Number of protein chains: 2
Amino acid sequence: MARHRDGQDNGTSVSGNEESNRRAELVRVAGRLFRENGYEATPVRDIAAAAGMRSGSPFYHFKSKQDLLKAVMAEGLNKALQELTEAVAGKPSAIEAFRAIVRTHLAIILEPGADFVPVLLYEWRSLACDGRAEIVAIKDRYEAVWQDVLRDLKREGLIRDDSPIGRLFVFGALNWVARWYCPHGSLSIDAIADRAVEFFIGPPNRR
Amino acid sequence: MARHRDGQDNGTSVSGNEESNRRAELVRVAGRLFRENGYEATPVRDIAAAAGMRSGSPFYHFKSKQDLLKAVMAEGLNKALQELTEAVAGKPSAIEAFRAIVRTHLAIILEPGADFVPVLLYEWRSLACDGRAEIVAIKDRYEAVWQDVLRDLKREGLIRDDSPIGRLFVFGALNWVARWYCPHGSLSIDAIADRAVEFFIGPPNRR
DNA sequence: CCTACCGATCGGTAGG
DNA sequence: CCTACCGATCGGTAGG
């Protein structure tokens, strides 16, 4: 018999509310553990324990560990896309839009508790091929937002290269911050964002 | 009894030549498998099989899987440091030195068979704390070479930011290439290096 | 969602 | 370096 709920449940139904809360909690703690220890090094038992369950119970909500990984990535990326879209909406200039997406992107990958996108970035290899297309589709939309902003920056002469490769260089520089950022260090996320903006388009007096 | 050889053996002795060949082969195939599948997802049995051994034999050369991982990282980084140092030696200008380290660094992380440094970059978390100090010491020297070149670039007004954070942005952009580079694609490693140099310091006619 | 469990796999070892 | 093996762990399931 089918003992696990469909992975598409997003918790909007009234009758499934408590159940979807448990599911959401599993996604949350799985994201944290996958980020801290990696997918392969995280036993489902540990995820269950962190969510206050017994070892077999996550399989009531997800049919496999792979499905749980996919849920972490998909839900995190969807939320990130939404935040990014809101961040650029209505910005008066390309530079303002750029500052906004840099800040938002860094917040998405650095803020405490924001483990979903880092899992996507650093555990991609652990996602089986079957599940990748769905994630890639969202990622393409995320990258399209970046491409539009970079295109506008180039039009105003603030960057030299708005090609996909230029975007990947910017992406790399920003995503790499997750490797060296220290939450308790002297550099705040906003400070790093300012440094990054300055690094890519020059100091304010040049603009 | 001690059945495995010391991890410091570098194969220079005559009597241990064949044995060190087997050891080197283990490091090589372990690097490839760790890169392709990740440390946690790679059984020692698979490494043994890829080296033409039976499942328990790697433990004759390494006392643990962790030690094998450390050997992959240490040997790869030492070789990379040597290549980087040779690449910048005697370069007539800062820009030539920059071009050289960008090319060399990209070759180190992208060339087929060059799996060691990518393992260091993407499996760092899997290295137990005990083994990290040794690797960090080499990494510091590697980064010092970069810092010197960036300092010279700044002196000539070719980059704006030669601080450690600026170096990390450059590092991130380059290291991220390992995520999207396609060995059989239309962009060669040298072509990517040229694009990167141009991205960071501008087109030739600006210099 | 829990209890109890299974089959498979894994790192590592004894002895040769 | 091989053979043979062990103890531990893991993803997942049956039945409730």
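For the structure, see preceding data.
My aim in this report is to walk through the structure given alongside it, one point at a time.

### Notes on the side chain of D161 of chain B
Part 1 of the argument: For D161 of chain B, the location among the structural elements is in the loop between α7 (132–155) and α8 (164–175).
Part 2 of the argument: A polar side-chain atom of D161 of chain B sits 2.6 Å from a polar atom in the side chain of S163 of chain B.
Part 3 of the argument: Here D161 of chain B is in contact with R195 and F199 of chain A together with G166 of chain B, once residues within four sequence places are set aside.

### Describing helix α10 (residues 189–201) of chain B
Residue and element names in this part refer to chain B.
Part 1 of the argument: An ideal rise of 1.5 Å per residue puts 18 Å on 13 residues; α10 measures up with 18 Å between its terminal C-alpha atoms.
Part 2 of the argument: Those residues of α10 that fall on the buried side of the exposure criterion are I189, I192, A193, A196, V197, F199, F200 and I201. Buried residues of α10 fall within an arc of 160° about the axis and therefore sit on the same side.
Part 3 of the argument: Remark: G202 follows α10 within two positions and exhibits a positive phi of approximately 95°.

### Re the packing of helix α5 (residues 94–110) of chain B against α7 of chain B
Residues and elements named next belong to chain B.
Part 1 of the argument: The interhelical angle for the contact between α5 and α7, taken along N-to-C directions, is 145°, at an axis separation of 9 Å. In the packing of α5 onto α7, the handedness of the crossing is left-handed. Every residue of α7 that contacts α5 at A94, I95, A97, F98, I101, V102, H105 and I108 is listed here: Y142, V145, W146, V149, L150, D152 and L153.
Part 2 of the argument: Along the lines of polarity and charge, the residues of the contact of α5 with α7 split into 13 nonpolar, one polar and one charged.

### Points about the interface of chain A and chain B
Part 1 of the argument: Residue-level contacts link 37 residues of chain A with 37 residues of chain B.
Part 2 of the argument: Buried area between chain A and chain B, summed over both chains or domains, comes out near 3000 Å², and the portion from carbon and sulfur atoms is 65%.
Part 3 of the argument: Of all residues in chain A, the largest losses of buried area upon contact with chain B belong to F169, W176 and F199 of chain A, amounting jointly to 26% of the total for that side.
Part 4 of the argument: At the junction of chain A with chain B, the criterion picks out four salt bridges.
Part 5 of the argument: Here D161 of chain B and R195 of chain A are joined by a salt bridge, their closest N and O atoms 3.5 Å apart.
Part 6 of the argument: Looking at the side of chain A that touches chain B, the elements that each hand over two or more residues are α1 (17–37), α6 (116–122), α8 (164–180) and α9 (189–201) of chain A.
Part 7 of the argument: In terms of residues, the side of chain A that touches chain B owes the most to one element, α8 of chain A, which gives 12 residues.
Part 8 of the argument: Class assignment for the residues of the side of chain A that touches chain B results in 19 nonpolar, seven polar and 11 charged.

Conventions and cut-offs
Residues numbered from 1 in each chain as written. Chains lettered and ligands numbered in written order. Predicted model: local features only at pLDDT ≥ 70, side-chain atom pairs only at ≥ 80, totals over all residues. Heavy atoms only, no water. Helix = DSSP H or I, 4+ residues; strand = E, 2+ residues; numbered from the N terminus. Polar contact = N/O pair within 3.5 Å; in protein donor to acceptor, adjacent residues only side chain to side chain. Contact = heavy atoms within 4.5 Å. Expected span 1.5 Å × (residues − 1). Buried < 20%, exposed > 50% of the residue type's maximum accessible area, 1.4 Å probe, protein only. Arc of directions from axis to C-beta. Axes fitted to C-alpha atoms, helices over the stretch in contact; angles between N-to-C directions. Left-handed = near helix turned anticlockwise from the far one by under 90°. Nonpolar A, V, L, I, M, F, W, Y, C, P; charged D, E, K, R; others polar. Buried area = accessible area lost by both parts, 1.4 Å probe. Salt bridge = Lys/Arg side-chain N within 4 Å of Asp/Glu carboxyl O.

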